[in-house]
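# Inside the fold
The primary structure of each chain is shown beneath.
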Amino acid sequence: MSISLVSNSYLDENSAKIRAKPVPWEGYQRAGLITSEELSLIKKVDRQPKSKIESLLVSDGQTYALLYLRLLKKLQRVDTQSFILVLIADALTDHEERIPWFTSASQTDPELPYGPLLRILDSQDDFVQVKATQILTVLLSAEKSPIQPQQLNPFLNTLAMFLSVPSPHKRDIAVQCLEAILSRPECRQAVWANSSLVGGLVDILRHNPTPQMSYQVGFCLWLLTFEQEVAEQIQKRFDIIPLLVDVAQGAAKEKVIRVIVATFRNLVSKAPQANLPAMLVAQLLPFAKNLSGRKWTDEDIVEDIQYLRDELSARFESLTTYDEYRSELLSGHLSWTPVHESDLFWKENATKLNDKDYELLKILIRLLSESSDPTVLAVAAHDIGQYVKHYERGKKILTDLGGKTRVMELMSHPDPDVRYQALISVQRLVSHPWAAV
């Protein structure tokens, strides 16, 4: 992997400035921080033309790789660290075959190459942090054996921090680094275990990213969903399916749609039970039908769209009205679909909310407590009213589960429809049927 795979204008512009800055190498030698031999070697590449540095690397590359890493280990000044990082990155740019020069340094010193690079991830200097991350990505992704947690975890924690700060260049670099390492199973598992990393990626998609960033984040999610555990849990934990449908529907670039459709295929093929209900609620089936009528330059996307369409159609045709309602409820995205206002539906199905230890009733109550969407709150309050209307004993159950208190609180909600639906439900909760008098 070439270092150019992880790059942006912030790194390029600052690297150019740093190459031209003087470093007090002689002062370091007088202070006993570097040896006379190290001074002699570093002066040969210090602010020299690229062609001269290249010829030195061709003849003595392994020596210089070890020199750079040793200097990085023992010199603390930020400007010096920046300069050494630029030298390392320059050596690796467009030269994948040079990566072993650096990774084999562990044979001379077990702390190398990762110790100094991981340590300066804690630097207060933005450039040092980001440049070290860029180099670590190249070295880690080229490792022949699985990356050890003591190397991987500090690196991933730094990427998670990059995703959480309002710094476009840090977010950009973090996403590029994840793209580069997520082809490795141990990296996919470690990233999934770091919820702030996955949450950071999802958050980028929620804030109208550029088409290129949408593609890059989609690519990361696609790679992640090759893990069975991720495919089974990502929708439940991050509500990702409706978000990806929205991104794909708004995408003008084929590559954005292609990577999202490929992600959906992974989710369906690996964990259909966990993902098909939310896909149906998010109207992925009509969208897939629409996509299948378009012209595509990539044959893979045609096959993936057809696969999705076939799987969703088979599932849709076998759904009962209650299955549709259950899918909608499990997705958490309630809207005024016909089932909610059908008296016949509630007459036949109200008691099914009691199944599996009141699973669906508990979801309704949870939505009333956790959702901030007025439509979801209004529909959930309405459904609570329908439940107790058609199942008299449900009043006590609902009270015991805390639902009655929450519905009463919603009578003072700012949204008029939420207030109205809550009022109707409370009237049904507190009414006494004549039969009981």
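As a starting point, this report considers the structure included with it. Just so it is clear, the model here is predicted, and its values are computed rather than measured.

## Focus: the overall build of the protein chain
For the protein chain, the helix and strand inventory stands at 26 helices and zero strands. In terms of overall dimensions, the protein chain is more spread out than a globule: its C-alpha atoms have a radius of gyration of 29 Å, far above the 22 Å expected for 437 residues. The principal-axis extent of the C-alpha atoms belonging to the protein chain is close to 100 × 45 × 35 Å. Relative to its 437 residues, the protein chain shows a buried fraction of 51%. Sequence separation of at least 24 residues holds for 71% of the intrachain contacts in the protein chain that already meet a minimum separation of 6.

## A word on the pattern of salt bridges
Throughout the structure, instances matching the rule amount to 21 salt bridges. The closest approach of N and O atoms between D79 and R77, which form a salt bridge, is 2.6 Å. Since its relative accessible area comes to 31%, D79 is described here as partly exposed. The partner of D357 in a salt bridge is K362, with the nearest N and O atoms 2.9 Å apart. The exposure class of K362 is partly exposed, given its relative accessible area of 35%.

## Details of the environment of G32
Within the secondary structure, G32 sits in the loop between helix 2 (25-30) and helix 3 (36-43). A relative accessible area of 59% means that G32 is categorised as exposed. In this structure, the C-alpha to C-alpha distance between G32 and K289, residues 257 residues apart in sequence, is 71 Å.

## As for the side chain of D383
Within the fold, D383 resides in helix 23 (residues 374-390). R428 provides the closest opposite charge to the buried, unpaired D383, separated from it by 8.8 Å. In this structure, D383 is in contact with Y325, H340, W346 and L364, ignoring residues within four places of it in sequence.

## Section: the packing of aromatic side chains
Inspection of the entire model under this criterion finds eleven aromatic pairs. Taken together, a centroid distance of 5.3 Å and an interplanar angle of 55° make the contact between Y325 and F345 tilted. Placement of the pair is Y325 in helix 20 (residues 321-331) and F345 in helix 21 (residues 343-349), with a sequence separation of 20 residues. What makes F345 buried here is its relative accessible area of 5%. A network of ring pairs unites the aromatic residues Y215, F219, W222 and F226 as a single cluster. Lying over the aromatic face of W192, R237 brings its terminal NZ or CZ to 4.4 Å of the ring centre.

## Examining helix 26 (residues 416-430)
The end-to-end C-alpha separation of helix 26 is 21 Å, in line with the 21 Å expected for 15 residues at 1.5 Å each. Residues of helix 26 that are buried sit in contact with helix 23, helix 24 (394-400) and helix 25 (403-409). Its side-chain oxygen 3.0 Å from the backbone nitrogen of D417, D415 forms the N-cap of helix 26.

## Regarding the packing of helix 3 against helix 4 (residues 50-74)
For the pair helix 3 and helix 4, the least separation of the axes is 11 Å and the interaxial angle reads 115°. Of the two possible hands of crossing, helix 3 and helix 4 adopt the one that is left-handed. Across the interface between the two elements, E38, L41 and I42 of helix 3 pack against T63, Y64, L67, Y68, R70, L71 and K74 of helix 4. Residues of the contact of helix 3 with helix 4, tallied by class, amount to six nonpolar, one polar and three charged.

## Regarding a nonpolar patch on the surface
A cluster of nonpolar side chains, namely M408, M411 and L423, defines an oily patch on the protein surface of about 230 Å² accessible area. Position of M411 among the secondary structure elements: in the loop between helix 25 and helix 26.

## Some words on helix 10 (residues 168-181)
Relative to the 20 Å expected for 14 residues at 1.5 Å per residue, helix 10 spans 20 Å between its end C-alpha atoms, a close match to the ideal helical length. Here helix 10 lies mainly inside the structure; twelve of its 14 residues are buried. Taken together, the buried positions of helix 10 are occupied by H169, K170, D172, I173, A174, V175, Q176, C177, L178, E179, A180 and I181. Considering only its buried residues, helix 10 is in contact with helix 1 (9-19), helix 8 (126-141), helix 9 (149-164), helix 11 (185-193), helix 12 (195-205) and helix 13 (211-224).

## Some points on the nonpolar core
Judged by nonpolar contacts, the single largest core of 121 residues is most densely connected at W25, Y68, F102, F155, L156, L178 and F264. Here the element with the most residues in this core is helix 4; it accounts for eleven residues. Excluding its chain neighbours within four sequence positions, the residues that come into contact with W25 are I34, L39, I42, K43, D46, L71, L75, T80, F83 and I84.

## Here we look at the packing of helix 13 against helix 16 (residues 254-270)
Their axes nearest at 9 Å, the elements helix 13 and helix 16 cross at an angle of 20°. The orientation of helix 13 relative to helix 16 falls into the category roughly parallel. By crossing handedness, the relation of helix 13 to helix 16 is classed as left-handed. Note on element contacts: helix 16 touches helix 13 through K255, V256, R258, V259, A262, T263 and N266, opposite P211, Q212, S214, Y215, G218, F219, L221 and W222. When the residues that make up the contact of helix 13 with helix 16 are grouped by side-chain class, the tally is eight nonpolar, five polar and two charged.

Basis of the calculations
- Residues numbered from 1 in each chain as written.
- Predicted model: local features only at pLDDT ≥ 70, side-chain atom pairs only at ≥ 80, totals over all residues.
- Heavy atoms only, no water.
- Helix = DSSP H or I, 4+ residues; strand = E, 2+ residues; numbered from the N terminus.
- Rg over C-alpha atoms; globule rule 2.2 N^0.38 Å.
- Buried < 20%, exposed > 50% of the residue type's maximum accessible area, 1.4 Å probe, protein only.
- Contact = heavy atoms within 4.5 Å.
- Salt bridge = Lys/Arg side-chain N within 4 Å of Asp/Glu carboxyl O.
- Lys, Arg positive; Asp, Glu negative; His and termini not counted.
- Phe/Tyr/Trp six-rings, centres within 6.5 Å; stacked < 30°, edge-to-face > 60°.
- Lys NZ or Arg CZ within 6 Å of the ring centre and 35° of its normal.
- Expected span 1.5 Å × (residues − 1).
- Polar contact = N/O pair within 3.5 Å; in protein donor to acceptor, adjacent residues only side chain to side chain.
- Axes fitted to C-alpha atoms, helices over the stretch in contact; angles between N-to-C directions.
- Left-handed = near helix turned anticlockwise from the far one by under 90°.
- Nonpolar A, V, L, I, M, F, W, Y, C, P; charged D, E, K, R; others polar.
- Patch = residues over 30% accessible without salt bridge, like charges linked within 9 Å, V, L, I, M, F, W, Y side chains within 5 Å.
- Areas by Shrake-Rupley, 256 points an atom, 1.4 Å probe, with all protein chains shown as cover.
- Core = buried A, V, L, I, M, F, W, Y, C linked by side-chain atoms within 4.5 Å.
- Parallel < 35°, antiparallel > 145°, perpendicular 65-115°, else oblique.

Any functional reading would require information beyond the geometric quantities listed.
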